[in-house]
Amino acid sequence: MTDIKETQETRPIMPGAEDSGRPLVELTHVEKHYGDLHVLKDINLTVKKGEVLVIVGPSGSGKSTMCRTINRLETIDSGDIRIDGKPLPQEGKELASLRAEVGMVFQSFNLFANKTILENVTLAPIKVRHMDKKAAEGLAMDLLSRVGVASQASKMPSQLSGGQQQRVAIARALAMQPKVMLFDEPTSALDPEMVNEVLDVMVELAHEGMTMLCVTHEMGFARKVADKVVFMADGQILEQSTPEDFFENPKTDRAKDFLSKIL
Ligand code: ADP
Ligand code: MG
């Protein structure tokens with residue numbers, strides 16, 4: 001991870017940490033059903049600038065759905081979602097530019113299989129941000145070197161390991177200079193020996209002041225960088241506390257039960 005550390009001092013990914021504390025993501029009374037299934041129940045959540053939230057909870061509790069509502073990959077039935085004070089646009093150009101402000105990294109790497117690593121990272125800045133190709137390539141190489149895969153730039157995704165592909169996915173999201181990054185179980189599809197190389201990149205981002213919402217059961221990561229742990233079960237947020245409080249002193253039986261199974 002020396003690449004990241006070396007460039008971090010000269011050019012931070014997240015400039016402007018001075019106005020930290022401003023709410024960047026706000027969900028208020030968010031409700032969502034899939035048919036008869038009440039998947040999100042009165043979700044209220046605020047992520048301030050520079051904050052790192054870790055979301056945990058049993059499978060099926062609505063964690064992915066909640067993340068997907070934040071960049072409108074899923075619609076909601078009622079309630080309000082704001083990014084940096086602005087309500088989520090319904091469609092069109094405004095929606096595209098909102099999506100550019102919210103970077104997302106999924107469990108499966110989702111790279112474009114028929115494009116090189118470099119093209120994967122330059123595509124959106126060229127198409128959505130109208131960057132010229134040379135500038136986009138410069139930015140992409142900078143980001144690829146920060147996540148330690150610059151030497152793979154001309155390869156195809158299938159030639160990279162899972163851990164390398166996931167680091168490319170992070171670089172690709174960062175290339176849009178997002179205000180907030182959402183991670184949905186970014187390491188759960190990886191072979192164990194590759195988990196840390198991805199978590200290291202996430203820790204580095206957190207230390208640089210990136211605002212992050214991470215669904216992950218990597219408790220070491222949560223303890224190291226989370227400002228808050230959010231515990232979800234059955235579509236509800238049952239607890240929001242510091243990692244110390246959550247791990248040492250969970251308040252609900254659901255959280256105690258959950259922790260007894262994963263720790
Ligand atoms: P988690 O990420 O916490 O495991 P999800 O948000 O993926 O939970 O899913 C919450 C619930 O919603 C689950 O019961 C799941 O089966 C259901 N679900 C998720 N996506 C859909 C969908 N597109 N259509 C219908 N049900 C869905
Ligand atoms: Mg999920």
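The structure under discussion appears in the preceding block.
The sections below set out a description of the structure shown in this document. (Residues numbered from 1 in each chain as written. Chains lettered and ligands numbered in written order. Predicted model: local features only at pLDDT ≥ 70, side-chain atom pairs only at ≥ 80, totals over all residues. Heavy atoms only, no water.)

Observations concerning the nonpolar core
One recurring pattern in soluble globular proteins is that nonpolar side chains are buried together.
Okay, step 1: Residues Leu144, Ile170, Met181, Phe183, Met202, Met212 and Phe221 are the most contacted members of the largest nonpolar core, which totals 52 residues.
Okay, step 2: Examining the composition of this core, we find that nine residues originate from one element, helix α7 (residues 192-207), more than from any other.
Okay, step 3: Look past the residues within four positions of Leu144 in its chain and what remains in contact with it is Ile117, Leu118, Val121, Val149, Ala150, Ala153, Val168 and Ala171.
Okay, step 4: Formed by 27 residues, the second largest nonpolar core is a distinct cluster that contains Leu27, Leu45, Leu88 and Val215. (Core = buried A, V, L, I, M, F, W, Y, C linked by side-chain atoms within 4.5 Å. Buried < 20%, exposed > 50% of the residue type's maximum accessible area, 1.4 Å probe, protein only. Helix = DSSP H or I, 4+ residues; strand = E, 2+ residues; numbered from the N terminus. Contact = heavy atoms within 4.5 Å.)

A word on the sheet that holds strand β3 (residues 52-56)
Okay, step 1: As summarised here, the arrangement of the six strands in space is β6-β7-β8-β3-β9-β10, forming an open sheet in which the pairing is mixed. Single-partner strands in this sheet number two, and they are β6 (102-105) and β10 (236-241). In this sheet, neighbouring strand axes are inclined to one another by 20° on average, regardless of whether the strands run parallel or antiparallel.
Okay, step 2: Bridging between β3 and strand β8 (residues 211-215) involves four bridges; their strand directions are parallel. Bridging from a neighbouring strand, Val54 pairs with Cys214 of β8.
Okay, step 3: With respect to the sheet, helix α6 (residues 162-174) is in contact with β6 and β7 (180-184), its orientation differing from that of β6 by roughly 170°.
Okay, step 4: Helix α10 (residues 253-262) contacts β3, β9 (228-233) and β10 of the sheet and is inclined by roughly 100° relative to β9. (Pairing = 2+ DSSP bridges. Axes fitted to C-alpha atoms, helices over the stretch in contact; angles between N-to-C directions.)

Focus: the site of ligand 1
Okay, step 1: As a matter of local geometry, ligand 1 sits amid Tyr34, Leu37, Val39, Pro58, Ser59, Gly60, Ser61, Gly62, Lys63, Ser64 and Thr65.
Okay, step 2: Within the backbone of Ser61, one N or O atom sits 3.1 Å away from an oxygen atom of ligand 1.
Okay, step 3: Between ligand 1 and Ser64 there is a distance of 2.9 Å, counted from an oxygen atom to a side-chain nitrogen or oxygen.
Okay, step 4: Taking 550 Å² as the accessible area of ligand 1 by itself, protein coverage stands at 58%.
Okay, step 5: Elements that contribute at least two residues to the shell around ligand 1 include exactly β2 (37-48) and α2 (63-70). (Near = heavy atom within 4 Å. Polar contact = N/O pair within 3.5 Å; in protein donor to acceptor, adjacent residues only side chain to side chain. Areas by Shrake-Rupley, 256 points an atom, 1.4 Å probe, with all protein chains shown as cover.)

A word on the pattern of salt bridges
Okay, step 1: Evaluated as defined, the whole model comprises 14 salt bridges.
Okay, step 2: Of the charged contacts, one joins Glu137 and Lys133 as a salt bridge, the two residues approaching to 3.7 Å between their closest N and O atoms. Remark: Lys133 and Glu137 occur in helix α5 (residues 133-146); sequence separation between them is four residues, near one turn of the helix.
Okay, step 3: Using a relative accessible area of 56% as the deciding quantity, one classes Lys133 as exposed.
Okay, step 4: A salt bridge links Asp142 to Arg146, with the shortest nitrogen-to-oxygen separation between them at 2.9 Å. Note that Asp142 and Arg146 are positioned in helix α5 at a spacing of four residues, about one turn of the helix.
Okay, step 5: With relative accessibility at 6%, the residue Arg146 sits in the buried group.
Okay, step 6: Through salt bridges that share partners, Arg22, Asp84, Lys86, Glu101 and Lys179 make up one connected network. (Salt bridge = Lys/Arg side-chain N within 4 Å of Asp/Glu carboxyl O.)

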